[in-house]
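# Descriptive structure summary
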Amino acid sequence: MNTRRPRLPVLVAGGGIGGMAAALALVRRGFAVKVLEQAPQLGEIGAGIQLGPNGFAAFDALGIGEIARARAVYTDEMVMHDALDETLVGRIATGAAFRQRFGNPYAVIHRADVHGSLLEGAVATDRIEVATGTPVQRIEQDASGVTVFDARGGSHRGVALIGADGVKSAVRRQFVGDEARVSGHVVYRAVVEKKDFPTDLQWNAASIWVGPNCHLVHYPLRGGEQYNVVVTFHSRNVEEWSVREGSREEVQSYFEGICPRARRLIDLPRDWKRWATADREPIAQWTFGAAALLGDAAHPTLQYLAQGACMAMEDAVTLGEALRVHDNDFAQAFALYQRSRVARTARVVLSAREMGRIFHAKGVERLVRNELWKGRSPERFYDAMEWLYGWKAENCLAA
């Protein structure tokens, strides 16, 4: 390892899951890090997320595996039902055979607990400075590093910049300037206490009910004391990429025809958070001199593969590995990082779009969807998932 430590820190735009993962990976390479976060305080909005084995492999590589594992709920299966007639479409066991195949479990966890685990690991290093209330506005580069100017008039000097500032990245806007692809799909998310959740749906599973132009998801959180509820529908309005408080009346208006058992889910939450979702077309260039994109800034994706957080953490680990291979030389490491990540993350973005189509099939397509996985053995499901869940730090530079 190169023990020379630059006097300047590495700047990380964004203090969410991707940004904190990047900060941890950089500290493990011997760098000091300064995180520039636009929000007045660090934290994560949202509710639950699903974690595949690749997410746990990333936790381990970032040195926080035990912390994160203690906060997760380990599911017995992933299960899909037709939301119109309750037909079982598919079931994938995620127990011992799944863990043996992929080396790690499948789990569900509160998004704030993922972020909290990363933040706890970052604080323990004592080499990560966080500047909150600091929206990145503009970047300049010269031969010795980068200068980031924030919206408050301040400037920040670093040896390099990691743009992990999310789906509306200011770093991407300056270097790429592309438009978002608004999906028209709206996601409502909420957390319900166990005592208020139907006992006949309290399954230890990542559960989805798929319907025409909509679907509903539920799974346990925080030791089973809470349940995550997510519903998605195709909006009848023109949408803009946004997050805001949801309307109980709006969400209930989109689920006519759904079977009563599944429809109960939308009656449970008292408060909803509403996401109008979007992604972007995959791009081949993420690195721009001494700046590189990471996480949602590089490859924002729809939610249908449950891989947003996992991909951001994979990015961070891969960046750290590229720096290790190239003795902390950013020019060479950024090139290797980009080569190792572009195709994989593009496959996730494009596959998520297609999975959304499968979930929301109607008419004859719905009938085809319901026949897709009949009689499929667990091993065949695992084979199909190998490309996604087989990722590990040891093979992250294979591309």
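This text gives an overview of the structure that appears in the document.

The rules behind these values
Residues numbered from 1 in each chain as written. Predicted model: local features only at pLDDT ≥ 70, side-chain atom pairs only at ≥ 80, totals over all residues. Heavy atoms only, no water. Helix = DSSP H or I, 4+ residues; strand = E, 2+ residues; numbered from the N terminus. Buried < 20%, exposed > 50% of the residue type's maximum accessible area, 1.4 Å probe, protein only. Polar contact = N/O pair within 3.5 Å; in protein donor to acceptor, adjacent residues only side chain to side chain. Contact = heavy atoms within 4.5 Å. Axes fitted to C-alpha atoms, helices over the stretch in contact; angles between N-to-C directions. Parallel < 35°, antiparallel > 145°, perpendicular 65-115°, else oblique. Left-handed = near helix turned anticlockwise from the far one by under 90°. Nonpolar A, V, L, I, M, F, W, Y, C, P; charged D, E, K, R; others polar. Salt bridge = Lys/Arg side-chain N within 4 Å of Asp/Glu carboxyl O. Phe/Tyr/Trp six-rings, centres within 6.5 Å; stacked < 30°, edge-to-face > 60°. Lys NZ or Arg CZ within 6 Å of the ring centre and 35° of its normal. Expected span 1.5 Å × (residues − 1). Pairing = 2+ DSSP bridges.

In this section: unusual backbone geometry. A positive phi angle is found at Asp327, which is not glycine, with a value near 55 degrees. Phi at Asn328 is positive, roughly 65 degrees, even though this residue is not glycine. Mapped onto the fold, Asn328 is located in the loop between α9 (308-325) and α10 (330-359).

Here the focus is the side chain of Arg280. Note that Arg280 resides in the loop between β18 (273-279) and β19 (287-288). A relative accessible area of 9% means that Arg280 is categorised as buried. A distance of 3.1 Å separates the side chain of Arg280 from the backbone oxygen of Val167, its partner in a polar contact. Excluding anything up to four places from it in sequence, Arg280 contacts Val167, Lys168, Arg172, Asp178, Glu179, Ala180, Arg181, Trp241, Pro300, Val349 and Arg353.

What follows covers the packing of helix α1 (residues 17-27) against α9. Where α1 meets α9, the closest approach of the two axes is 8 Å, and the angle between their N-to-C directions is 20 degrees. Judged on the interaxial angle alone, α9 and α1 are roughly parallel. The crossing of α1 and α9 is right-handed. Across the interface between the two elements, Ile17, Gly18, Ala21, Ala22, Ala25 and Leu26 of α1 pack against Ala309, Ala312, Met313, Ala316, Gly320 and Leu323 of α9. In terms of residue class, the contact of α1 with α9 is built from ten nonpolar, two polar and no charged.

A word on the pattern of salt bridges. Overall, the coordinates contain 31 salt bridges when judged by the stated rule. With a shortest N-O distance of 3.8 Å, Arg270 and Asp196 are connected by a salt bridge. With Arg270 in the loop between α8 (260-263) and β18 and Asp196 in the loop between β13 (181-193) and β14 (205-211), the pair connects residues that are 74 residues apart, well separated along the chain. Arg270 sits in the exposed class, given a relative accessible area of 69%. It is possible to trace a salt-bridge network through shared partners that takes in Asp82, Asp85, Arg366 and Arg369.

A few words on the packing of aromatic side chains. The full count for this structure, using the stated rule, is 20 aromatic pairs. Plain terms: the ring middles of Phe102 and Tyr382 are 5.9 Å apart, the flat faces sit at 75 degrees to each other, and that makes the pair edge-to-face. Placement of the pair is Phe102 in helix α4 (residues 96-102) and Tyr382 in helix α12 (residues 378-389), with a sequence separation of 280 residues. Summarising the burial analysis for this pair, Phe102 and Tyr382 share the class buried. An aromatic cluster of at least three residues, connected via ring pairs, comprises Phe98, Phe102, Tyr106, Tyr382 and Tyr389. In this arrangement the basic side chain of Arg347 is found over the ring face of Trp387, its NZ or CZ atom lying 3.9 Å from the centre.

The end-to-end C-alpha distance of α9, which contains 18 residues, comes to 26 Å, matching closely the 26 Å that a straight helix rising 1.5 Å per residue would cover. Burial within α9 is extensive, with 14 of its 18 residues counted as buried. Just beyond α9, the residue with positive phi is Asp327, at close to 55 degrees.

A few words now on the sheet that holds β14. One open sheet accounts for eight strands, arranged β6-β5-β14-β15-β16-β13-β18-β17; its pairing is mixed. A strand with exactly one partner marks an edge of an open sheet, and here the two such strands are β6 (88-93) and β17 (242-245). The average undirected angle you get between the axes of adjacent strands in this sheet is 15 degrees. Note that β17 and β18 share four bridges and pair antiparallel. Looking across to β18, one finds that Ser242 is bridged to Ala276. On top of the sheet, helix α11 (residues 363-371) reaches β5 (77-82), β6 and β14; it is set at about 150 degrees to β5, its chief contact. Packing of α12 onto the sheet brings it into contact with β5 and β6, and relative to β6 it is tilted by some 65 degrees.

Attention now moves to the environment of Glu379. Among the secondary structure elements, Glu379 is positioned in helix α12. Using a relative accessible area of 47% as the deciding quantity, one classes Glu379 as partly exposed. C-alpha of Glu379 to C-alpha of Tyr254: the two residues are 125 residues apart in sequence and 37 Å apart in space.

Of all eight residues making up strand β15 (residues 214-221), eight are buried, and the element is well covered by its neighbours. With five bridges joining them, β14 and β15 adopt antiparallel strand pairing. Residue pairing for β15: Gly211 is matched across the bridge by Cys214. Here β14 hands over to β15 after two residues, with Asn213 in that stretch at a positive phi of 60 degrees. Sheet topology places β15 next to strand β16 (residues 226-234); eight bridges connect them, and they run antiparallel. Looking across to β16, one finds that Leu221 is bridged to Gln226. Where β15 hands over to β16, the hairpin turn is made up of four residues, of which Arg222 adopts a positive phi near 50 degrees.

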